[in-house]
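Here is what each chain is made of, one letter per residue.
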Amino acid sequence: MEKMQQIVGRARAAFRSGRSRPLEFRIQQLKALERMVQEKEKEILAALKADLNKCGHNAYSHEILGVLGELALTMEKLPSWAAPQPVKKNLLTMRDEAYIGYEPLGVVLVIGAWNYPFVLVMQPLIGAIAAGNAVVVKPSEVSENTARLVAELLPQYLDKELYPVVTGGVPETTELLTQRFDHILYTGNTAVGKIVMAAAAKHLTPVTLELGGKSPCYIDKDCDLAVACRRITWGKYMNCGQTCIAPDYILCDPSIQSKVVENIKATLKEFYGEDVKSSPDYERIINQRHFKRVKSLLEGQKIAHGGETDEASCFIAPTILTDVSPESKVMEEEIFGPVLPIVTVKSVEEAIEFINRREKPLALYVFSNNKQLIKRVISETSSGGVTGNDVIMHFFLSTLPFGGVGHSGMGAYHGRYSFETFSHRRACLIKDLKMESTNKMRYPPGSQKKV
Amino acid sequence: MEKMQQIVGRARAAFRSGRSRPLEFRIQQLKALERMVQEKEKEILAALKADLNKSGPNAYSHEILGVLRELALTMEKLPSWAAPQPVKKNLLTMRDEAYIGYEPLGVVLVIGAWNYPFVLVMQPLIGAIAAGNAVVVKPSEVSENTARLVAELLPQYLDKDLYAVVTGGVPETTELLTQRFDHILYTGNSTVGRIVMAAAAKHLTPVTLELGGKSPCYIDKDCDLAVACRRITWGKYMNCGQTCIAPDYILCDPSIQSKVVENIKATLKEFYGEDVKSSPDYGKIINQRHFKRILSLLEGQKIALGGETDEASCFIAPTILTDVSPESKVMEEEIFGPVLPIVTVKSVEEAIEFINLREKPLALYVFSNNKQLIKRVIAETSSGGMTANDVIMHSVVPDLPFGGVGHSGMGAYHGRYSFETFSHRRACLIKDLRWEVVNKLRYPPGSMEMMHL
């Protein structure tokens, strides 16, 4: 489509003008974004409600708060992040200036996802702007209200040519991916991640892929089950299970399985009341396709709690499955829904083995009073990130990089890591033309020189 | 080929055994590599001589010395590099343990190049071992003597299953690339770089691509030309121009063009004597194919110096071309040979514009007494790395990352950056089960009023 070429071409010309490079400009754009989030809070919350039935409280704390925090952090730290970093010198370079310079890459592409549709375009966008790039933003068309809003709002607050929004579905995204970018950050699933990387390979474009996987949650016998289960319930069923770092499934000893179910049940009542369907805090599945997908995972399973569904409203009740077989469908792919399988294991060794037979997940959780056990699970497994004795929370510490490994992704961002992801780290050595005599050793003619 | 699958499978099983993870094991393997380099120095130098006619001193200082330094640095620093890095916490995490843990990725693939065939497999290998991985090494078949030697030596010194060497050409490499790795570091050209990345995409394997490009060298009127030209001559003609960060072409004012030629001429005589062909310090073109490729770049050019060739010995004399047209063939691709085009520009603005019209190079050089001018060129261009008032040298500062940008590559390595390239940086947050009351705000049922507190 000529249109994509034009949009990207305009962004590139705007980048070449050099106006996105001065820190003052970048901070001014970030300030405008901050104003946008504050002034349009109502509209943003309304879009999130329309897309995912996210209530104001959840939408604010999961999407808006994080964005405001990232903006404040970035505006404060940008001068120090962007400053040249001197490096240790050696004997040869004692007199020289040696440093790493951070430079914009050029025109970068941010592809958002539908589950946290606002923050998942905003947070990468903030880092990309901070690093001095032009940014093409492609929100997920699945969360169509938020996509439409982002497309309306960004041009009202930001430089229109430097930061265009492109909307559309698979054909538009495919066309967009034929264009040349200097970095692509994609959030979504593994299958499309491969397509994005393959497209990027044609232009030698580096990529950051924030994908998913089945994030395991091991509950040790030695732990405060009530607290553990409350935290797990919060992270599992927020956004109706549609969180890339939700605890996907539980591993625990058979002897505590029913206690786990009881505790989660009790917490669910605390959180959502007797009638989950009428709780304003409980979201909906994004669309019919995913509703059907998640529902089909229940087939043949032992439903210990929940299982109620309503197709018309894409409602699936918080559900727990017990004695789940590792070979069943629900244990094949990332669930991305409010269905929590429990697979019983007889020891932490078995749990570790179980986890290691599968692809490296985006997150891993382990609950135990025994810190040694926690450290052991960490050292004998791998995952994008880990939280011990809670879920989700490593995502919210901005000094920790957020990203996957293996099939759960490559690269990382958040805070300073966003800035670095969208920058080129240029090695710079500035010598002078004096002291030429010190170079004599390196010039021919040679003989067995002893160094 | 079943063979590739077996080799990689064995490496993966060896990795899964867990034996490459303890730091003691990794350091022991690195120590063995160090012994190998020291004990087999003669054989390594002989292979480099056979492949590229590299003289002893050149081979030693360009390949062996660097490897020994990297080994010493890595063995010394590994405990600190591998240690968990605590991160600054916020109010919510005050009581918690928050840190970045460095973990091996698994089985990584290192694909070497033919121009510095020893160091370009060894340096990545060192980083990959240090990070705790199993490593499949694929030396370039073009530098066949060094490839053969690496294939013989590594199994004599290192764990045979963890660190496998695979030899062969395009068919073998293509087969190897169908296997699944946890990281691939490739050194070579952009065409094959694309193929490597496309193959990696099928498995979602992250890649580090060390590619090339036309590294420009701007010489300002205000500079000590004799010194500048000596340094440029050294970096350009070492290894017969076959260096990924060699100054590819010169940009300078027309008024100093002939002085530049004179100075380089004088330096060449200093370096290689009257008869370059008989100087032991002057290398050769790797093979006939590249010889022909470079020879063809001379067609229609004004040869100010050199131009002599001898196909039988793959000899091409140090050559300078003047008044080169930006549209000519020699200005299209990376030269990778001892041919130095000079393109004249009337100002530093024109030089910057010229550079920016082209793909981002792996290296950029600028010579000037005027530091402001240097800083300006840096600020208004981009490149993998750069050195001012010299060439090559940014690649030997241990704390500088070495890598490209755009078509010159992605990712970086050397020293600590090698270790990080071959590691996973895992975000770890360890809380405890107390203080649950602190979490009340985050749980439903919620209210908007609480949020605006």
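In the nomenclature of an unreviewed UniProt entry, chain B is known as Aldehyde dehydrogenase family 3 member A2 of Peucedramus taeniatus. Note on chain B: under the UniProt heading Subunit (unreviewed entry), the record states "Homodimer." Listed in UniProt under the heading Sequence similarities (unreviewed entry), the comment for chain B reads: "Belongs to the aldehyde dehydrogenase family."

For chain A, the name recorded in an unreviewed UniProt entry is Aldehyde dehydrogenase family 3 member A2, with Peucedramus taeniatus as its organism. Per UniProt, chain A has the following entry under Subunit (unreviewed entry): "Homodimer." Note on chain A: under the UniProt heading Sequence similarities (unreviewed entry), the record states "Belongs to the aldehyde dehydrogenase family."

Engineer: Hey, could you go over the environment of A:Ser20 for me, with residue numbers and the actual values?
Structural biologist: Residues and elements named next belong to chain A. In this fold, Ser20 is placed in the loop between helix H1 (2-16) and helix H2 (23-39). Judged by relative accessible area, which is 0%, Ser20 ranks as buried. As a C-alpha pair, Ser20 and Ala131 span 111 residues in sequence and 8.9 Å in three-dimensional space. In this structure the side chain of Ser20 is engaged in a polar contact, spanning 2.7 Å, whose partner is the backbone oxygen of Gly132.

Engineer: How would you summarise the interface of chain B and chain A if you had to cite specific residues and measurements?
Structural biologist: In this assembly, 105 residues from chain B lie in contact with 103 residues from chain A. For the pairing of chain B and chain A, the buried interface totals around 8500 Å² over both sides, and the portion due to carbon and sulfur atoms is 58%. Between the two partners, chain B and chain A, sit 12 salt bridges. The residue A:Lys371 makes a salt bridge to B:Glu97 at a minimum N-O spacing of 2.7 Å. Here chain B is connected to chain A by 48 residue pairs in polar contact (both at pLDDT 80 or more). By residue number, the principal contributor to the side of chain B that touches chain A is helix H8 (residues 190-203) of chain B, which donates 9 residues. Strand direction decides the pairing type here: strand E17 (residues 423-430) of chain A and strand E16 (residues 385-388) of chain B, joined by 4 bridges, are parallel. Residue pairing across strands places A:Leu429 opposite B:Thr387, the latter belonging to E16(B).

Engineer: Tell me about the pattern of salt bridges, and please be specific about residues and values.
Structural biologist: By the definition in use, this model includes 50 salt bridges over all chains. Between B:Arg442 and A:Asp390 there is a salt bridge, with its nearest N and O atoms 2.7 Å apart. Linking B:Arg442 in the loop between strand E18 (423-430) and helix H15 (448-451) with A:Asp390 in the loop between strand E15 (385-388) and strand E16 (409-410), this pair reaches from one chain into another. In this pair, the class of B:Arg442 matches that of A:Asp390, namely buried. A cluster of three or more residues bridged by salt bridges with shared partners is formed by A:Arg230, A:Arg231, A:Glu270 and B:Glu436.

Engineer: Describe the sheet that holds strand E3 (residues 107-111) of chain A, naming the residues involved and giving the relevant values.
Structural biologist: Residue and element names in this part refer to chain A. Overall, mixed pairing links the 5 strands, which are arranged E4-E3-E5-E6-E16 in an open sheet. What marks the edges here is a single partner per strand, and that holds for strand E4 (134-138) and E16. One ladder, built from 4 bridges, connects E3 with strand E5 (residues 183-187); its direction is parallel. Considered in E5, the bridge of Val108 is made with His183.

Engineer: Describe the domain arrangement of chain A, with residues and values.
Structural biologist: Residues and elements named next belong to chain A. The domains assigned to chain A are domain 1 (1-211 + 409-429) and domain 2 (216-395). Measuring from the centre of the C-alpha atoms in domain 1 to the corresponding centre in domain 2 gives 31 Å. The interface is formed by 16 residues belonging to domain 1 together with 16 residues belonging to domain 2. Note on domain 1 versus domain 2: buried area summed over both sides is about 1400 Å², and carbon and sulfur give 55% of it. Looking at the side of domain 1 facing domain 2, the largest losses of area belong to Asn53, Trp114 and Tyr116, adding up to 32% of the total buried there.

Engineer: Residue-level account of the UniProt feature "active site" (unreviewed entry) in chain A, with values.
Structural biologist: Residues and elements named next belong to chain A. Here, UniProt's "active site" (unreviewed entry) annotation points to Glu210 and Cys244. These annotated residues cover 35 residues of sequence, and their C-alpha atoms all fall within 8.9 Å of one another, placing them together at a single site. Of note, Glu210 is situated in strand E6 (residues 207-210). You can call Glu210 buried: its relative accessible area is 3%. Each residue touching Glu210, except ones within four places of it in the same chain, is listed here: Tyr186, Thr187, Gly188, Phe402, Gly403, Ser408, Gly411, Ala412 and Tyr413. Take Cys244: it is sitting in the loop between helix H9 (225-237) and strand E8 (249-252). Judged by its relative accessible area of 17%, Cys244 falls in the buried class. Here Cys244 is in contact with Asn115, Leu211, Ser215, Glu334, Phe336, Leu362 and Phe402, once residues within four sequence places are set aside.

Engineer: Mind laying out helix H11 (residues 288-297) of chain B, listing which residues take part and the relevant values?
Structural biologist: Among the residues of H11(B), those classed as buried are B:His290, B:Phe291, B:Ile294, B:Ser296 and B:Leu297. The secondary structure elements touched by the buried residues of H11(B) are strand E11 (309-310), strand E12 (315-316) and strand E14 (339-344) of chain B.

Engineer: With reference to specific residues and values, describe the UniProt feature "active site" (unreviewed entry) in chain B.
Structural biologist: Residue and element names in this part refer to chain B. Within this structure's numbering, the places UniProt gives as "active site" (unreviewed entry) are Glu210 and Cys244. Assignment of secondary structure puts Glu210 in strand E7 (residues 207-210). With residues up to four places along the chain from it excluded, the contact list for Glu210 reads Tyr186, Thr187, Gly188, Phe402, Gly403, Ser408, Gly411, Ala412 and Tyr413. With respect to the helices and strands, the residue Cys244 is situated in the loop between helix H9 (225-237) and strand E9 (249-252). Cys244 has contacts with Asn115, Leu211, Ser215, Glu334, Phe336, Leu362 and Phe402, leaving out every residue within four places of it along the chain.

Basis of the calculations
- Residues numbered from 1 in each chain as written.
- Chains lettered and ligands numbered in written order.
- Predicted model: local features only at pLDDT ≥ 70, side-chain atom pairs only at ≥ 80, totals over all residues.
- Heavy atoms only, no water.
- UniProt positions renumbered as here; feature names shortened; annotations may be inferred.
- Helix = DSSP H or I, 4+ residues; strand = E, 2+ residues; numbered from the N terminus.
- Buried < 20%, exposed > 50% of the residue type's maximum accessible area, 1.4 Å probe, protein only.
- Polar contact = N/O pair within 3.5 Å; in protein donor to acceptor, adjacent residues only side chain to side chain.
- Contact = heavy atoms within 4.5 Å.
- Buried area = accessible area lost by both parts, 1.4 Å probe.
- Salt bridge = Lys/Arg side-chain N within 4 Å of Asp/Glu carboxyl O.
- Pairing = 2+ DSSP bridges.
- Domains from an automatic or database assignment.

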